[in-house]
Amino acid sequence: MANSTQQSDLKVYLRLLTYVRPYAGFFAISIVGLLMFALAQPMSAYIIKYFVDGLSNPQASFFAEVPYLSEVPFLVDLQLMQTVPLLIVLIAMWQGIGSFLGNYFLAKVPLGLVHDFRVALFNKLLVLPNCYFDHHNSGHLISRITY
């Protein structure tokens with residue numbers, strides 16, 4: 001008996017997963033956004049090293065240590081005093097964009113699922129015979145759509 005219950009539960013679960021398939025892209029975008037948000041934390045910690053170095057030597061160049069960027073004239077001239085605040089602002093913007101993408105698209109998935117379930121239920125109710133509505137209270141039917 002328990003085995004048949006597990007099989008029927010699995011069938012129901014797999015049937016419900018078919019409703020999630022159209023929202024896989026939104027879910028993937030939300031994962032990318034949350035990864036952007038998470039990556040901003042180590043970036044902020046890494047910038048603190050340069051902030052402390054800038055306190056002791058504000059005239060030091062930020063990109064002098066990077067070999068392939070040391071040849072770019074504009075980047076070599078950037079000092080820690082100019083670069084660290086700019087990078088802090090850019091990291092905060094990166095984190096904000098990641099947070100927005102992660103939260104917005106992650107919320108869009110369940111809202112879309114609930115909408116799809118309600119539309120499917122309403123479409124089923126539209127094709128039911130009149131005797132079904134005679135035997136059921138209208139408040140019960142409305143609450144079934146709403147909740």
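Our subject is the structure that appears above.
Conventions we followed
Residues numbered from 1 in each chain as written. Predicted model: local features only at pLDDT ≥ 70, side-chain atom pairs only at ≥ 80, totals over all residues. Heavy atoms only, no water. Helix = DSSP H or I, 4+ residues; strand = E, 2+ residues; numbered from the N terminus. Contact = heavy atoms within 4.5 Å. Core = buried A, V, L, I, M, F, W, Y, C linked by side-chain atoms within 4.5 Å. Buried < 20%, exposed > 50% of the residue type's maximum accessible area, 1.4 Å probe, protein only. Axes fitted to C-alpha atoms, helices over the stretch in contact; angles between N-to-C directions. Parallel < 35°, antiparallel > 145°, perpendicular 65-115°, else oblique. Left-handed = near helix turned anticlockwise from the far one by under 90°. Nonpolar A, V, L, I, M, F, W, Y, C, P; charged D, E, K, R; others polar. Expected span 1.5 Å × (residues − 1). Phe/Tyr/Trp six-rings, centres within 6.5 Å; stacked < 30°, edge-to-face > 60°.

Caption draft 1: The overall build of the protein, seen in detail. Assigned secondary structure in the protein consists of 6 helices and 0 strands. Tracing the protein from N to C terminus, the helices and strands come up as α-α-α-α-α-α. Excluding contacts between residues fewer than 6 apart, the proportion of contacts in the protein whose partners are at least 24 apart in sequence is 61%.

Caption draft 2: How the structure looks around the nonpolar core. Ala40, Ile47, Tyr50, Leu80, Val84 and Ile91 form the largest nonpolar core, which has 6 residues in total. Elements with a contribution of two residues or more to this core: helix 2 (24–56) and helix 4 (80–126). Excluding its chain neighbours within four sequence positions, the residues that come into contact with Ile47 are Val84, Leu87, Ile88 and Ile91.

Caption draft 3: Spatial organisation of the environment of Leu106. Looking at the element boundaries, Leu106 is found in helix 4. Placed 83 residues apart in sequence, Leu106 and Tyr23 show a C-alpha to C-alpha distance of 9.7 Å. Every residue in contact with Leu106, bar those within four places of it in the chain, is listed here: Phe27, Ser30, Leu34 and Leu101.

Caption draft 4: Representation of the packing of helix 2 against helix 4 within the structure. Between helix 2 and helix 4, the shortest axis-to-axis distance is 7 Å and the interhelical angle comes to 160°. Relative to helix 4, the element helix 2 lies roughly antiparallel. The way helix 2 lies across helix 4 gives a crossing that is left-handed. Taken together, the residues that form the contact of helix 2 with helix 4 break down as 23 nonpolar, 9 polar and 2 charged.

Caption draft 5: Summary view of helix 4. The end-to-end C-alpha distance of helix 4 is 68 Å, a good match for the 69 Å that 47 residues give at a rise of 1.5 Å each. Among the residues of helix 4, Leu80, Thr83, Val84, Ile91, Gln95, Gly98, Gly102, Phe105, Val109, Gly112, Leu113 and Leu125 are the ones counted as buried.

Caption draft 6: Summary view of the packing of aromatic side chains. Tallied over the entire structure, the rule returns 6 aromatic pairs. Plain terms: the ring middles of Phe100 and Tyr104 are 5.4 Å apart, the flat faces sit at 15° to each other, and that makes the pair stacked. One end of the pair is Phe100 and the other is Tyr104, both in helix 4 and 4 residues apart, which spans about a single turn. What makes Tyr104 partly exposed here is its relative accessible area of 41%. Within the aromatic cluster, the residues linked to one another by ring pairs are Tyr23, Phe26, Phe100, Tyr104 and Phe105.

Caption draft 7: The arrangement of the side chain of Ser30 in detail. For Ser30, the position within the fold is in helix 2. Residue Ser30 is classed as buried on the basis of its relative accessible area, which comes to 0%. Residue contacts for Ser30: discarding those within four places in its chain leaves Leu101, Gly102, Phe105 and Leu106.

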